[in-house]
Amino acid sequence: MSNTSASFGFTDVDASLKAGLVRGVFDRVAKNYDIMNDLMSGGVHRLWKDAVAARLNPQPGEVIIDCAGGTGDMARRFAKMARNAQERRGGPDATINIVDYNAEMIMAGIERGGEPEITWTVGDAQRLPLPDNYANAYVISFGIRNVTDIDAALREARRVLKPGGRFLCLEFSRPVTEALAKAYDAYSFKVIPQVGEWVAKDRDAYQYLVESIRRFPDQRTFAGMIETAGFKRVTYTNFTGGVAALHQGWAL
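What counts, and where the lines are drawn
- Residues numbered from 1 in each chain as written.
- Predicted model: local features only at pLDDT ≥ 70, side-chain atom pairs only at ≥ 80, totals over all residues.
- Heavy atoms only, no water.
- Helix = DSSP H or I, 4+ residues; strand = E, 2+ residues; numbered from the N terminus.
- Contact = heavy atoms within 4.5 Å.
- Polar contact = N/O pair within 3.5 Å; in protein donor to acceptor, adjacent residues only side chain to side chain.
- Core = buried A, V, L, I, M, F, W, Y, C linked by side-chain atoms within 4.5 Å.
- Buried < 20%, exposed > 50% of the residue type's maximum accessible area, 1.4 Å probe, protein only.

Colleague: Sorry, what's going on with the environment of Arg-159 here?
Modeller: Secondary-structure assignment places Arg-159 in helix α6 (residues 150–160). As a C-alpha pair, Arg-159 and Asn-133 span 26 residues in sequence and 6.4 Å in three-dimensional space. With residues near it in sequence (within four places) discarded, Arg-159 still touches Leu-128, Leu-130, Pro-131, Asp-132 and Asn-133. A distance of 2.6 Å separates a polar atom in the side chain of Arg-159 from a polar atom in the side chain of Glu-156.

Structural data, given as structure tokens:
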């Protein structure tokens, strides 16, 4: 046991236990993960992810890390965009490295099929199995709030990026108006766990996911954490009134 604690939803647990608890959640939801995202967000998550891919603007020959990439829905977007650019003007293939801590999520993604640019690796965001100055871009979507030590994961992102590399993080965040926050809370705590029980047969897993969103830092606090990790020109863009936010920084 360690001397530090970490949040697991609304519960504080020994930090050494969190990774196993989170892995258990995603082991259970992996097969229904994508359909649950559609049901929970009414499909809006697809628009958020499209906006992230457009901001990233993948190019031929780039090496892109899709951390916590799970089932590969973001990586497929990146691969297709890079290939479209390659068809227009040539250049080498892009490389999209999916790294996810959960083998069940990786297997669910592989079963769905991938693109030739994509590789799949089981690995820890806090200790990436990649060399220094390796990638042109690092993207993590709806994954960083599940990491035991967010600061360590941010430092790893900075380590593996080349000078001039870009960091993008899409994560649930804080609604910017009180009315939206109240409506979002009511929906999150009453509807999402119930849908999880009906569709995934696992209410507790989706109760954790809702609680983990509430424990995650707000937009400005998280931007400060990214800066502390060594990134420059850190900005964020709210989606759907702050229900989700895209944070971006540069390895300069």
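Colleague: Would you mind showing me how to read the nonpolar core here?
Modeller: Note that soluble globular proteins tend to have their nonpolar side chains buried in a common cluster. Grouped together as the largest cluster of nonpolar side chains are 29 residues, with contacts concentrated most on Ile-65, Tyr-138, Ile-144, Leu-154, Phe-167, Phe-222 and Phe-231. Of all the elements in the fold, those that place two or more residues in this core are β3 (63–67), β6 (135–141), α6, β7 (161–172) and α10 (219–228). Considering each element in turn, this core owes the most residues, 5 residues, to α6. With residues near it in sequence (within four places) discarded, Leu-154 still touches Ile-144, Phe-167, Phe-222, Met-225, Ile-226, Ala-229 and Phe-231. By size, the runner-up hydrophobic cluster in this structure holds 27 residues, among which are Leu-56, Ala-79, Ala-137 and Phe-142.

Colleague: When you look at unusual backbone geometry in this model, what are you seeing that I'm missing?
Modeller: Negative phi is the rule for most residues except glycine; trans is the rule for most peptide bonds. Backbone geometry at Phe-142 places phi at a positive 55°, although glycine is not the residue there. In this structure, Phe-142 sits in the loop between β6 and α6. Unlike most non-glycine residues, Arg-233 shows phi in positive territory, near 50°. Assignment of secondary structure puts Arg-233 in strand β8 (residues 232–239).

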